[in-house]
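As a plain string of letters, each chain reads:
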Number of protein chains: 2
Amino acid sequence: MKICMYGAQGHIHTVLDYLEQTDDAAVTAICCEPGEDIVWLKERLAQVNQFVRVYGDYHGMLGRENPDIVIVSSFPDQNAGAARHALSQNIHVFCEKPVAITMAQFERLSQTLKESGAKLYTMLTERFKPAFYTAYRAAEDGLAGTIRLVDARKSYKLGIRPDYYKSRETYAGTLSWVGIHAIDRIYRASGKKFQTVFARSSNGFNRGLGDLETTAVCCYEMEDGVLAAFTCDYYRPAAAETHGDDRLRIVGTHGVIEVMGGEARYLHDGGSEVLPLLELPLIFEEFLWYIRTGESAHLTTEDCMYTTYAALKTMESSDTGTAVSL
Amino acid sequence: MKICMYGAQGHIHTVLDYLEQTDDAAVTAICCEPGEDIVWLKERLAQVNQFVRVYGDYHGMLGRENPDIVIVSSFPDQNAGAARHALSQNIHVFCEKPVAITMAQFERLSQTLKESGAKLYTMLTERFKPAFYTAYRAAEDGLAGTIRLVDARKSYKLGIRPDYYKSRETYAGTLSWVGIHAIDRIYRASGKKFQTVFARSSNGFNRGLGDLETTAVCCYEMEDGVLAAFTCDYYRPAAAETHGDDRLRIVGTHGVIEVMGGEARYLHDGGSEVLPLLELPLIFEEFLWYIRTGESAHLTTEDCMYTTYAALKTMESSDTGTAVSL
């Protein structure tokens, strides 16, 4: 597989991690927007034995290189257009989430996807973390009975953020940049579509980061009366062991499955136990498999588009202060 | 202090626990509604050296006994009227929560309270649990900085429930019967009033219990942009160590305080620690102090009425499926 990379933001380490352990994919070229550190990216790729050409123009790069896959991970407002351009040429796209930061971008992208023979993954990296996967599989195997409630937590360290986080024009908004992981957890764990969302967020006390929302809360009503909620914040103390305090709780008629601290615990009528963690591929490895076979046990283009849609609707509720139907 | 008791439901053990360790209060009489186990109550009182007269009529009991305090803990739909009757005679009322199950009951009760010289406590027993109290005090002492987000969990074992749980006419509804504890936690922890609520609940898969909602989710926007959320369910497995999985998380600009498993943990930029638990009086002991001095460090009549109001507005949101202003 021949790969080009556009942008040096976000979760591109998920691609680098895979390249480090395989020789069935090669990055031939990279391109960044002004303000991105392309030197770092080129050197980082060299460390995993990928020696690349550098382009100053994204469209030119795709035209000259004609790759199988493009990694799109530029500034949040650039990604939707870049993804569309590639998909319209039947180039598969592995894109930072959210792939669209406005509903207009989302709708244009949906149309392009319909007409494209290529596949899209967004970097829903948490689907591929063993503790979450173990919980999803346990729920699918019926360990909790019928699932009735799902709740989740996203709590991140704020740290130092580049300037593009300061404006909603260039940053997706915390509910779709961070919250989308929780939205995906709820969707994946419940297997239900969202019907109604109510969300609120606040950019108070954000250490001078403009529009950036430091806190958010959401409630969902889903198909079949399943309920869900999550909270999201940027106040995880710097000294905490991990960047994120990522939690998930799946409540069913016959048990509760809870992910916390990288463990999945199962509480049931017979007692409580930590579930043995299940292994799964890296997200980029799965994407290559999905491209080759058209099948994925872990993530599909439709999943990626649906969670993007749900994140945008969640933002809409937060922006308008009203409950929004999906 | 001379005490009468009306009803044998709910948290009356909080009174019995206090009577067991004191002789400055005496129960002189009890009265129950048909369908309540008055024999059990009389015998249980005898165990704590309270030998009581039994009445068949609540109004008659108050008229004959003229107590200082009445414990109101009958069926949920009976409590508001009983509380009003006592307050109108300047008898202090220690009442199961929620003291009102409809807004009409609440408004009549508010009016009666304005005209009464007596005080009211509702059985917000969780305010008096050391782990929560320790968290509240830590937040008040500024350990978390400025509080921006509060979230909570109520998860109970369903067990066997009397028939009155099956109808909203006789059961307050899960959001106000169970959820009120989480509402009080959010109010107490943040020190902010509620401005907007959105809530959903479901009575699905409730093991034949009619209207009883087995799951609920709520989001709140509070004063000064503080956000809050909680989930509530009756699916805690029977084998779990405790009846309730009661949690609270207070997120501030400089730290996070989290209550879980009866511990209060403080996470901050310097690390993480379990806070030493602070002691506080029993709720009924505090009520006697409040009556005598007019001052309370832990709970006031206004707090009890405000959390009742917030619970009813939360129910209204859940019932209508719309965001509701408070």
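Figured I'd write up the structure that's included with this text.

### Here we look at the pairing of strand S1 (residues 2-6) of chain B
Residues and elements named next belong to chain B.
Thinking step 1. Counting buried positions along S1 yields four of five residues, so the element is predominantly enclosed.
Thinking step 2. Bridge count for S1 against strand S2 (residues 26-31) is five bridges, and the pairing is parallel. The residue bridging Ile3 from the neighbouring strand is Val27, located in S2.
Thinking step 3. In this sheet, strand S4 (residues 69-72) lies alongside S1 in parallel orientation, the contact comprising four bridges. When the sheet's bridge partners are listed, Met5 is paired in S4 with Ile71.

### Let's talk about the relation of the copies chain A and chain B
Thinking step 1. Mapping chain A onto chain B is achieved by rotating through 180° and translating by 0.0 Å along the same axis, at an RMSD of 0.0 Å. Here the two chains are linked by the operation of a two-fold rotation axis.
Thinking step 2. Comparing interface residues between copies, 100% of those in chain A also sit at the interface in chain B, which points to an isologous, same-surface contact.

### What to know about the packing of helix H3 (residues 58-65) of chain A against helix H4 (residues 76-87) of chain A
All names here are of chain A.
Thinking step 1. Between H3 and H4, the shortest axis-to-axis distance is 11 Å and the interhelical angle comes to 25°. Classed by the angle they form, the pair H3 and H4 counts as roughly parallel. As for how H3 packs across H4, the hand of that crossing is right-handed. Residues Tyr58, His59 and Leu62 of H3 form the contact with H4, whose own contacting residues are Ala82, His85 and Ala86.
Thinking step 2. When its residues are assigned to classes, the contact of H3 with H4 shows four nonpolar, two polar and no charged.

### Considering the layout of surface pockets
Thinking step 1. Of the pockets and cavities examined, the largest pocket occupies roughly 1,100 Å³.
Thinking step 2. In terms of lining residues, the largest pocket is bounded by 46 residues, among which B:Arg236, B:Thr242, B:Gly244, B:Asp245 and B:Asp246 are the most central.
Thinking step 3. Listing elements by their share of the lining of the largest pocket, those giving two or more residues are strand S12 (255-260), strand S13 (263-268) and strand S14 (271-274) of chain A together with helix H1 (13-19), helix H6 (130-140), strand S7 (147-155) and strand S12 (255-260) of chain B.
Thinking step 4. Here the lining of the largest pocket takes four residues from S12(A), the largest share from any one element.
Thinking step 5. Looking at the lining of the largest pocket residue by residue, the classes come out as 18 nonpolar, 13 polar and 15 charged.
Thinking step 6. Contributing to the lining of the second largest pocket are 27 residues, with A:Arg236, A:Asp245, A:Arg247, A:Met260 and A:Gly261 lying nearest its centre.
Thinking step 7. For the lining of the second largest pocket, the secondary structure elements donating two or more residues are helix H6 (130-140) and S12 of chain A together with S12, strand S13 (263-268) and strand S14 (271-274) of chain B.
Thinking step 8. Residues of the lining of the second largest pocket, tallied by class, amount to 12 nonpolar, six polar and nine charged.

### Looking at the sheet that holds strand S6 (residues 120-122) of chain A
Residues and elements named next belong to chain A.
Thinking step 1. The parallel open sheet is built from six strands, whose spatial order is S3-S2-S1-S4-S5-S6. The open sheet has two free edges, formed respectively by strand S3 (53-55) and S6, since each of these has just one partner strand. Neighbouring strand axes in the sheet, compared pairwise and without regard to direction, differ in orientation by 20° on average.
Thinking step 2. In this sheet, S6 lies alongside strand S5 (residues 92-95) in parallel orientation, the contact comprising three bridges. Of the residues in S6, the one forming a bridge with Val93 is Leu120.
Thinking step 3. Sheet strands touched by helix H2 (residues 38-47): strand S1 (2-6), strand S2 (26-31) and S3. Its angle to S2, the strand with the most contacts, is close to 170°.

### Overview of the interface of chain A and chain B
Thinking step 1. Between chain A and chain B, the residue contacts involve 49 residues of the former and 49 residues of the latter.
Thinking step 2. At the boundary of chain A and chain B, one finds eight salt bridges.
Thinking step 3. Here B:Asp233 and A:Arg249 are joined by a salt bridge, their closest N and O atoms 2.7 Å apart.
Thinking step 4. Where chain A packs against chain B, one counts 16 residue pairs in polar contact (both at pLDDT 80 or more).
Thinking step 5. Of all elements in the fold, only strand S7 (147-155), strand S8 (194-202), strand S9 (215-222), strand S10 (227-233), strand S11 (247-252), S12 and S13 of chain A reach the threshold of two or more residues within the side of chain A that touches chain B.
Thinking step 6. Broken down by element, the residue count for the side of chain A that touches chain B peaks at seven residues, all from S9(A).
Thinking step 7. Each residue belonging to the side of chain A that touches chain B can be placed in one class, and the counts come to 22 nonpolar, 15 polar and 12 charged.

### Comments concerning helix H8 (residues 179-190) of chain A
Residues and elements named next belong to chain A.
Thinking step 1. A rise of 1.5 Å per residue sets the reference length of H8, with its 12 residues, at 16 Å; its end C-alpha atoms lie 17 Å apart and thus fit the reference within 8%.
Thinking step 2. Listed in full, the buried residues belonging to H8 are Gly179, Ile180, His181, Ala182, Ile183, Asp184, Arg185, Ile186, Tyr187, Arg188, Ala189 and Ser190.
Thinking step 3. Phi turns positive one or two residues past the end of H8, at Gly191, with a value near 70°.

### Section: the packing of H6(A) against H8(A)
All names here are of chain A.
Thinking step 1. Put simply, H6 and H8 touch, their axes get as near as 9 Å, and they point 30° apart. By the criterion of interaxial angle, the relationship of H6 to H8 is roughly parallel. Here Phe132, Tyr133, Tyr136, Ala139 and Glu140 of H6 come into contact with H8, specifically with Arg185, Arg188 and Ala189.
Thinking step 2. Among the residues forming the contact of H6 with H8, the class breakdown is five nonpolar, no polar and three charged.

### Structural notes on empty space enclosed by the protein
Thinking step 1. Per the stated rule, a full pass over the model turns up two cavities of 30 Å³ or more.
Thinking step 2. Empty space within the largest cavity amounts to approximately 260 Å³.
Thinking step 3. The wall of the largest cavity is formed by 20 residues, among which A:Asp151, A:Ala152, A:Arg153, B:Asp151 and B:Arg153 lie closest to the centre.
Thinking step 4. At the level of secondary structure, the elements contributing two or more residues to the lining of the largest cavity comprise S7, S10 and S11 of chain A together with S7, strand S10 (227-233) and strand S11 (247-252) of chain B.
Thinking step 5. Class assignment of the residues belonging to the lining of the largest cavity gives a composition of eight nonpolar, two polar and 10 charged.
Thinking step 6. Computed from the structure, the second largest cavity encloses a volume of approximately 30 Å³.
Thinking step 7. Lining the second largest cavity are A:Ser155, A:Arg236, A:Pro237, A:Asp245, B:Arg249, B:Val256 and B:Leu267.

Cut-off values and rules
- Residues numbered from 1 in each chain as written.
- Chains lettered and ligands numbered in written order.
- Predicted model: local features only at pLDDT ≥ 70, side-chain atom pairs only at ≥ 80, totals over all residues.
- Heavy atoms only, no water.
- Buried < 20%, exposed > 50% of the residue type's maximum accessible area, 1.4 Å probe, protein only.
- Helix = DSSP H or I, 4+ residues; strand = E, 2+ residues; numbered from the N terminus.
- Pairing = 2+ DSSP bridges.
- Least-squares fit on C-alpha atoms with pLDDT ≥ 70 in both.
- Contact = heavy atoms within 4.5 Å.
- Axes fitted to C-alpha atoms, helices over the stretch in contact; angles between N-to-C directions.
- Parallel < 35°, antiparallel > 145°, perpendicular 65-115°, else oblique.
- Left-handed = near helix turned anticlockwise from the far one by under 90°.
- Nonpolar A, V, L, I, M, F, W, Y, C, P; charged D, E, K, R; others polar.
- 1 Å grid on protein atoms, 1.4 Å probe; cavity = no way out; pocket = protein on both sides within 12 Å on 5 of 7 lines; lining within 4 Å.
- Points joined across faces, edges and corners; volume = space filled by probe spheres on them.
- Salt bridge = Lys/Arg side-chain N within 4 Å of Asp/Glu carboxyl O.
- Polar contact = N/O pair within 3.5 Å; in protein donor to acceptor, adjacent residues only side chain to side chain.
- Expected span 1.5 Å × (residues − 1).

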